[in-house]
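One-letter residues, chain by chain:
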Amino acid sequence: MYGGGNVFESMKATALADEDPIKLAEFEARIDRGEKIEPKDWMPQLYRKQLIRMIEQHAHSEIIGALPEGTWITRAPGFKRKMALMAKVQDEVGHGQLLYSAAETLGKSREQMLDDLVSGKSKYSNIFNYPAFTWADSCFISWLVDAGAIVNQVANSKGSYGPYCRALERICAEEAFHLKYGHHCVIHLATGTKIQQEMMQEAVTRWWPPMMHFFGPSDKISVHSEILMKWKVKMASNDECRQQFLDMYVPKIWELGLKLPDDSLRKNTETGQWEFTEPDWEEFKRVINGDGPCNEERLAVRRIAEERGRWVRKALLAPDAKYVAPLA
Amino acid sequence: MSLKSLDPRVGRLHISEQEDNDKTQKGALDQFETYEAFVQVKEGKSLDHVGSVHAPNEEMAFLFAKEQYTRRGMYCNTLCIVKTENIMMSEFSDNKISVYDSVTVNPTGIITEEFEIFHMFKRGKHHRFIGTVNALNFEDAMANSKVFYPSEKPVYNVWVVNAKHMLTSDDDDRDIWDTLKEKQYREAIDYKGQDIIKAYKEKIAPD
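Residues numbered from 1 in each chain as written. Chains lettered and ligands numbered in written order. Predicted model: local features only at pLDDT ≥ 70, side-chain atom pairs only at ≥ 80, totals over all residues. Heavy atoms only, no water.

1. Things to note about the side chain of N295 of chain A
All names here are of chain A.
Then comes step 1: Structurally, the position occupied by N295 is in helix 11 (residues 295–308).
Then comes step 2: Assessed through its relative accessible area of 7%, N295 is described here as buried.
Then comes step 3: Leaving out residues up to four positions away in the same chain, N295 has contacts with Y124, N129, V287 and G290. (Helix = DSSP H or I, 4+ residues; strand = E, 2+ residues; numbered from the N terminus. Buried < 20%, exposed > 50% of the residue type's maximum accessible area, 1.4 Å probe, protein only. Contact = heavy atoms within 4.5 Å.)

2. Details of the packing of helix 7 (residues 194–213) of chain A against helix 9 (residues 238–254) of chain A
All names here are of chain A.
Then comes step 1: Where helix 7 meets helix 9, the closest approach of the two axes is 11 Å, and the angle between their N-to-C directions is 155°. One element, helix 7, and the other, helix 9, form an angle in the roughly antiparallel class. Note on element contacts: helix 9 touches helix 7 through R242, F245, L246, V250 and I253, opposite W208, M211 and M212.
Then comes step 2: Residues belonging to the contact of helix 7 with helix 9 are distributed by class as follows: seven nonpolar, no polar and one charged. (Axes fitted to C-alpha atoms, helices over the stretch in contact; angles between N-to-C directions. Parallel < 35°, antiparallel > 145°, perpendicular 65-115°, else oblique. Nonpolar A, V, L, I, M, F, W, Y, C, P; charged D, E, K, R; others polar.)

3. Quick word on the pairing of strand 2 (residues 48–55) of chain B
Working note: regular strand, side chains alternate between the two faces of the sheet.
Residue and element names in this part refer to chain B.
Then comes step 1: Judged by how many residues are buried, strand 2 sits mostly within the fold: eight of eight residues are covered.
Then comes step 2: Relative to strand 2, strand 1 (residues 33–40) runs antiparallel, the two being bridged by seven bridges. Following the sheet pairing, F38 is matched in strand 2 by H49. (Pairing = 2+ DSSP bridges.)

4. Structural notes on a negative patch on the surface
Residues and elements named next belong to chain B.
Then comes step 1: A cluster of like negative charges, contributed by D170, D172, D173, D175, D178 and E182, occupies part of the molecular surface.
Then comes step 2: You can see D175 is positioned in the loop between strand 8 (167–168) and helix 4 (194–204).
Then comes step 3: By relative accessible area, D175 is classed as partly exposed at 49%. (Patch = residues over 30% accessible without salt bridge, like charges linked within 9 Å, V, L, I, M, F, W, Y side chains within 5 Å. Areas by Shrake-Rupley, 256 points an atom, 1.4 Å probe, with all protein chains shown as cover. Salt bridge = Lys/Arg side-chain N within 4 Å of Asp/Glu carboxyl O. Lys, Arg positive; Asp, Glu negative; His and termini not counted. Charge placed at Lys NZ, Arg CZ, Asp CG, Glu CD.)

5. Things to note about the interface of chain A and chain B
How big an interface is tends to be reported as the loss of accessible area on association of its parts.
Then comes step 1: Taken residue by residue, the interface counts 73 residues in chain A and 67 residues in chain B.
Then comes step 2: Summed over both partners, the interface of chain A with chain B buries about 6500 Å², with 55% contributed by carbon and sulfur atoms.
Then comes step 3: Linking chain A with chain B are 10 salt bridges, by the criterion used here.
Then comes step 4: A salt bridge links R72 of chain B to D91 of chain A; the nearest nitrogen and oxygen atoms lie 2.4 Å apart.
Then comes step 5: Counting across the chain A and chain B interface gives 28 residue pairs in polar contact (both at pLDDT 80 or more).
Then comes step 6: If you list the elements that add at least two residues to the side of chain A that touches chain B, you get helix 2 (45–70), helix 3 (79–104), helix 4 (110–118), helix 6 (162–190), helix 11 and helix 12 (310–316) of chain A.
Then comes step 7: With 14 residues, the top contributor of residues to the side of chain A that touches chain B is helix 6 of chain A.
Then comes step 8: Residue composition of the side of chain A that touches chain B, grouped by class: 30 nonpolar, 13 polar and 30 charged. (Buried area = accessible area lost by both parts, 1.4 Å probe. Polar contact = N/O pair within 3.5 Å; in protein donor to acceptor, adjacent residues only side chain to side chain.)

6. Some remarks on the environment of R302 of chain A
Residues and elements named next belong to chain A.
Then comes step 1: Relative to the helices and strands, R302 is located in helix 11.
Then comes step 2: As a C-alpha pair, R302 and G216 span 86 residues in sequence and 25 Å in three-dimensional space.
Then comes step 3: Residues in contact with R302, not counting those within four places in the same chain, are I63, I64, L117 and V118.
Then comes step 4: Of the polar contacts made by the side chain of R302, one reaches the side chain of E306; its length is 2.9 Å.

Quick look at the structure:
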């Protein structure tokens, strides 16, 4: 699961001037023909850098996203919910593996990516810096955070980089279960007893602001983002993804009698666009920069897993093994 | 002081806030070498590349690939593992040009080993198992493959693997996938909520 609001590197004015113009033209022609780029193809440095950053952030989001939901496996109501949530969390970690491999084909090792996650150098989806207080929070994540992620991932799966597309195709197929499972959990609470309804409503109220942050702030149309769109790295603007999410899911939330904590939220029937109160973007920045309720815990858990699992990796390490990046 | 968390499992870890951060730098190969995995879902279907895994040896790679690539769905017939470094990859072509166009057919005629051939028919799609050729070496295997497996569709990339480097699941062990059908809770189809929503709407509708 992953949202928009990618932190792209700023582009130097000379970034493209240094590239071989003939190779660049061939590269762009290939993308224009609708052909995918494969790992051994020539590609501009900027393309490689932005893709590594994007796929790496996506991979980190999968394994960090498993933490707030994983919290609830042992306390999920009933055996069936426990089995399903465990399967979902296993899927998310599996998605992380697929994505790390895709990023590795671009030349950054998995070790380096995990180091950069733990040191705070690379980011993950901001929404996972918020805690899951109750079972209903876990249900909200399973349904709606995954729904948001699917909007984003379906868009990205039409991008230009072969290994990322292949990973996303597999991920999107598996996410179908998450979405239906999450919806089922929310339906159950929202149509249940008064206490269950209240618990679900509180979770919705709590998670709506980070959900609105999820797709990132309105993107300014810059030369930079135009190039990323042309190269099919960035497939849809943050606003387009947010609008699509609102369009698909607000009616489904409302039909369950749940209220969203934004009185201005409505679909403008003339423009076809959803209108809403801008969420607090200062808070978004603050949390992304480390000052959220769970940033410290998320990274501490990752760091401990790395440190305390080291002896296992060491015991299994073959001294004459040599590293080869995944092929595809 | 140890970290406070809502998660009882995190609480039990007793993570010190001052835990030494320097130790987390990973050495080269801390996450092991890579293997490519291939899956045939059902008898008669093609054997396709599905992705890679990191593992310390072939047996572990097989186990990881089984979890990573065959835990979902109803069936799996065959799973193969090859160490990435044992795959010879051809050049890539594009724009309806087959990579075989630049392969000279000049077979040595010397047959020493078996090689497995995989084709990529579309950029962005997985490699697919095509068949086996007898040959002297990788280049010879490419040349033989061009003759034995002519393709109407352009082939954009070829992988050649010495057959001795493929670890393939044993037919007798197929029952490791028998339980897939019991895990319906992993499938979207197991979650039907429309009836509950309908009943709820009828209940709250004003008479």
